Amino acid sequence: MSAVGILLCAGTSARMGFDKLNTPLYGKTAIERSMDALVAGGCDSLVFVVGGASERTVKSLSVPVPFSVVPGGEQRTDSVRNGLSAASGDVAVIHDAARCFVSPATVMASIESATAFGSGVTAIPVTDTVMQVRNGTVETLDRDTLFRMQTPQSFRLTEIRAAYGTGAYATDDATLYARTFGSVRFVPGSEDNRKLTAASDWAWALSRLCPPTYGIGFDTHRLVEGRKLILGGVEIPFEKGLLGHSDADVLLHAIMDAILGSLKLGDIGKLFPDTDPQYAGISSRVLLRKVNELVQKRDMVVGHVDATVICERPKLAPYRDAIARTIAEDLGISPDAVSVKATTTEGMNDEGKGLCISAQAIVSVCRR
Ligand code: MG
């Protein structure tokens, strides 16, 4: 039995006012969060249905299963139809990327139901009283008979293809399936599986991941001849380099101290003593990855990094993007969540005289 996830990432975010699918929510976009849940819940391949900036986001992901990318259509129904045409497997797991807090357990239950009964549609009971208003008259509906549809909605692939083959349109997949096959089987959803639609949903998502903890870091290394200059993991051509026990990457050192500070884990001097020969000449990227493992072990993720390098020469602007990408790669987060700035001290102080380079960083760390 194989399950193919069809991840709908083609929405226009019209009601949000900004690009909700491609803006990192503490280090990870909604697309990445949804992808992770689908894979953890049992999808062994994926079809990304993309539009706008989501194509770029998907290209930047490291996708742990075989996948394809297809364009979205005019309406949701068109997008799903495109996704289904590229899918192969026994069960299709159709999911809106904007429901990025779906749990792997929900995905698993949806797949199991579709495997056993043909369909597994995530839904939750209505708890509010619902009134229908028509031509000036109102009727209170029996809420015990009402359900709110969520995703994932899973079906046998051949059957949901047949349902979509009728050419009909609907706002979800269960509606089309039920028209063709008579009924659907529900699996329990949750309030956490909320679709990010309006600005208030975004605020809710941030508060769900919050409160982040914060940490700051600062470091200085002396500039000397005969050393390579490594900043943020990137080698920068210059006549001098930074002196230190490791590669003396002052920027990564400040960032590591900020991360360690956010979790009250001490500092890099304590973790990687400069008296320990195993750290002699080591790339600070290796150390950053070790620090990030401590974050991951706590089921947390670095949310944002904002750093400033204080340096008279060389000019760092041409390297800023490469540095941000390198740091993001080592932390396993989006480059959009990493900000690297540079400033001079206008010839004053030891940085300004070219004796040293310093760096400051602040990071947030939050629930994964
Ligand atoms: Mg240092």
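Procedures and definitions
- One numbering rule holds for all chains: residues counted from 1, following each sequence as written.
- Per-residue local features of the predicted model are confined to residues with pLDDT of at least 70, and side-chain atom pairs are confined, for both listing and counting, to 80 or more; whole-chain, interface and lining totals are unaffected and use all residues.
- To obtain the side-chain values, all non-hydrogen atoms of the structure were used and water was disregarded.
- A cavity here means a set of points on a 1 Å grid, drawn over the protein atoms and nothing else, where a 1.4 Å probe fits but cannot get out; a pocket is an open set with protein on both sides within 12 Å along at least five of seven lines, and a residue lines either one if it has an atom within 4 Å of a point.
- Grid points are joined across faces, edges and corners, and a volume is the space filled by probe spheres set on the points.
- Going along the chain from the N terminus, every DSSP run of H or I of four or more residues is numbered as a helix, and every run of E of two or more is numbered as a strand.
- We treat two strands as partners when DSSP finds at least two bridges between them.
- An axis is simply a line fitted to the C-alpha atoms; with a helix, the fit covers only the stretch in contact. Between two such axes, the angle follows the N-to-C directions and lies from 0 to 180 degrees.
- By definition, residues are in contact when any of their heavy atoms lie within 4.5 Å.
- Aromatic pairing here means that ring centres of Phe, Tyr or Trp (its six-membered ring) are within 6.5 Å. Orientation follows from the plane angle: under 30 degrees is stacked, over 60 is edge-to-face, and everything else is tilted.
- The buried label goes to any residue with under 20% of its type's maximum accessible area, the exposed label to any with over 50%, and the partly exposed label to all in between, with areas taken from a 1.4 Å probe on protein chains only.
- In these notes the angle categories are as follows: under 35 degrees is roughly parallel, over 145 is roughly antiparallel, 65 to 115 is roughly perpendicular, and the rest is oblique.
- Residues forming no salt bridge and having over 30% relative accessible area are the ones grouped into patches, like charges within 9 Å of each other and nonpolar side chains (Val, Leu, Ile, Met, Phe, Trp, Tyr) within 5 Å.
- Accessibility throughout is a Shrake-Rupley quantity obtained with a 1.4 Å probe, and a residue counts as covered only by protein chains that appear here.
- A side-chain nitrogen of Lys or Arg and a carboxyl oxygen of Asp or Glu constitute a salt bridge if their distance falls within 4 Å.
- We define the nonpolar core as a collection of buried residues of types Ala, Val, Leu, Ile, Met, Phe, Trp, Tyr and Cys that are connected through side-chain atoms lying within 4.5 Å of one another.
- Pairs of N or O atoms are called polar contacts if they sit within 3.5 Å, as long as, within protein, a hydrogen donor faces a hydrogen acceptor (for residues adjacent in sequence, only side-chain-to-side-chain pairs).

**Student:** Teacher, can you tell me more about the layout of surface pockets here?
**Tutor:** To find leftover empty space, one rolls a probe the size of a water molecule over the atoms. Size it by volume and the second largest pocket reaches roughly 450 Å³. Forming the boundary of the second largest pocket are 19 residues, of which Ser60, Leu61, Ile333, Ser334 and Pro335 lie nearest the centre. Among the secondary structure elements, those contributing two or more residues to the lining of the second largest pocket are helix 1 (30-40), helix 2 (54-60) and helix 11 (320-331).

**Student:** Help me out: how do you make sense of the sheet that holds strand 3 (residues 67-71) in this one?
**Tutor:** Picture the strands of a sheet paired through backbone hydrogen bonds; they go either parallel or antiparallel. Pairing is mixed across the open sheet formed by seven strands, whose spatial order is 3-2-1-4-8-5-9. The open sheet has two free edges, formed respectively by strand 3 and strand 9 (186-188), since each of these has just one partner strand. Between one strand axis and the next, the sheet turns by 25° as a mean value, whatever way the strands run. The sheet contact formed by strand 4 (residues 91-96) and strand 8 (residues 147-156) spans four bridges and is antiparallel. Across the sheet, the residue bridging to Ala92 is Phe155, located in strand 8. Each of strand 1 (3-9), strand 2 (45-50) and strand 4 is contacted by helix 1, which is oriented at about 165° to strand 1, the strand it contacts most. Lying on the sheet, helix 5 (residues 157-164) is in contact with strand 4 and strand 8; it crosses strand 8 at an angle near 115°.

**Student:** What's the story with the packing of aromatic side chains in this structure? I'm lost.
**Tutor:** Centre-to-centre distance and the angle between the planes together describe a pair of aromatic rings. Scanning the model with the defined rule gives six aromatic pairs in all. Geometrically, the ring pair formed by Phe48 and Phe67 is edge-to-face, given 5.7 Å between the ring centres and 85° between the ring planes. Within this pair, whereas Phe48 is found in strand 2, its partner Phe67 is found in strand 3, the two being separated by 19 residues in sequence. For Phe48, a relative accessible area of 0% gives the class buried. Its relative accessible area of 42% is what places Phe67 among the partly exposed residues.

**Student:** Please explain the sheet that holds strand 14 (residues 300-310) as it appears in this structure.
**Tutor:** Across the sheet, which stays open at both edges, the five strands sit in the order 13-10-16-14-15 with mixed pairing between neighbours. Whereas interior strands pair on both sides, the edge strands pair on one side only; in this sheet they are strand 13 (240-242) and strand 15 (338-343). The sheet shows a mean angle of 25° between the axes of neighbouring strands, taken without regard to direction. Strand direction decides the pairing type here: strand 14 and strand 15, joined by six bridges, are parallel.

**Student:** For this particular structure, what's the right way to read the pairing of strand 8?
**Tutor:** Residues in a regular strand project their side chains so that they alternate between the two faces of the sheet. Both strand 5 (residues 119-125) and strand 8 contribute to a ladder of six bridges, which runs antiparallel. Residue pairing across strands places Pro125 opposite Phe147, the latter belonging to strand 8.

**Student:** Is there a simple way to think about the packing of helix 5 against helix 6 (residues 173-181) in this case?
**Tutor:** Packed helix pairs are specified by the crossing angle of their axes together with the interaxial distance, meaning the distance between the axes. At a minimum axis separation of 9 Å, helix 5 and helix 6 run at an interaxial angle of 90°. Taken together, the axes of helix 5 and helix 6 lie roughly perpendicular to each other. On helix 6, the residues that touch Glu159, Ile160, Ala162, Ala163 and Tyr164 of helix 5 are Asp173, Leu176, Tyr177, Thr180 and Phe181.

**Student:** Which parts of the structure should I look at to understand helix 1?
**Tutor:** Since one α-helical turn is 3.6 residues long, residues separated by three or four positions face the same way. Within helix 1, eight of the 11 residues are buried, leaving the element largely enclosed by the surrounding structure. For helix 1, the complete set of buried residues consists of Ala30, Ile31, Glu32, Arg33, Ser34, Met35, Ala37 and Leu38. Backbone geometry just after helix 1 places Gly42 at a positive phi near 120°.

**Student:** How do you make sense of a nonpolar patch on the surface when you look at a structure like this?
**Tutor:** A cluster of nonpolar side chains, Met131, Val133 and Val138, forms an exposed patch at the surface whose accessible area comes to about 310 Å². Residue class for Val138 comes out exposed when judged on its relative accessible area of 54%.

**Student:** Explain the nonpolar core here, please?
**Tutor:** Most often, soluble globular proteins keep nonpolar side chains buried together rather than apart. Phe48, Leu231 and Ile255 are the most contacted members of the largest nonpolar core, which has 84 residues in total. Among the elements that make up this core, the one with the highest residue count is helix 8 (residues 250-262) (nine residues). Setting aside anything within four residues of it in sequence, one finds Leu231 in contact with Ile236, Leu242, Asp249, Val250, Leu251, Val309, Leu316, Ile323 and Ile357. If you look at the next biggest cluster of nonpolar residues, it comprises 21 residues, including Val4, Leu8, Val70 and Leu157.

**Student:** How should I be thinking about the side chain of Glu159 in this particular structure?
**Tutor:** Looking at the secondary structure, you find Glu159 in helix 5. A residue is classified by how much of its surface remains accessible, and Glu159, at 19% relative accessible area, is buried. A polar contact of 2.6 Å, which involves the side chain of Glu159, links it to the side chain of Tyr177. Excluding residues within four positions of it along the chain, Glu159 makes contact with Gly118, Tyr177 and Phe181.

**Student:** Help me understand the pattern of salt bridges, please; the structure alone is not making it clear to me.
**Tutor:** Pairs can form between side chains of opposite charge once their charged atoms are near each other. Overall, the coordinates contain 17 salt bridges when judged by the stated rule. The partner of Asp96 in a salt bridge is Arg76, and the shortest N-O contact between them spans 3.2 Å. In this pair, Asp96 sits in strand 4 while Arg76 sits in helix 3 (residues 76-86), placing the two residues 20 residues apart along the sequence. A salt bridge links Glu191 to Arg148; the shortest N-O distance between them is 3.5 Å. In this pair, Glu191 is assigned in the loop between strand 9 and helix 7 (199-209) and Arg148 in strand 8, connecting sequence segments 43 residues apart. Salt bridges sharing partners connect three or more residues here, namely Arg285, Arg289, Glu329 and Asp330.

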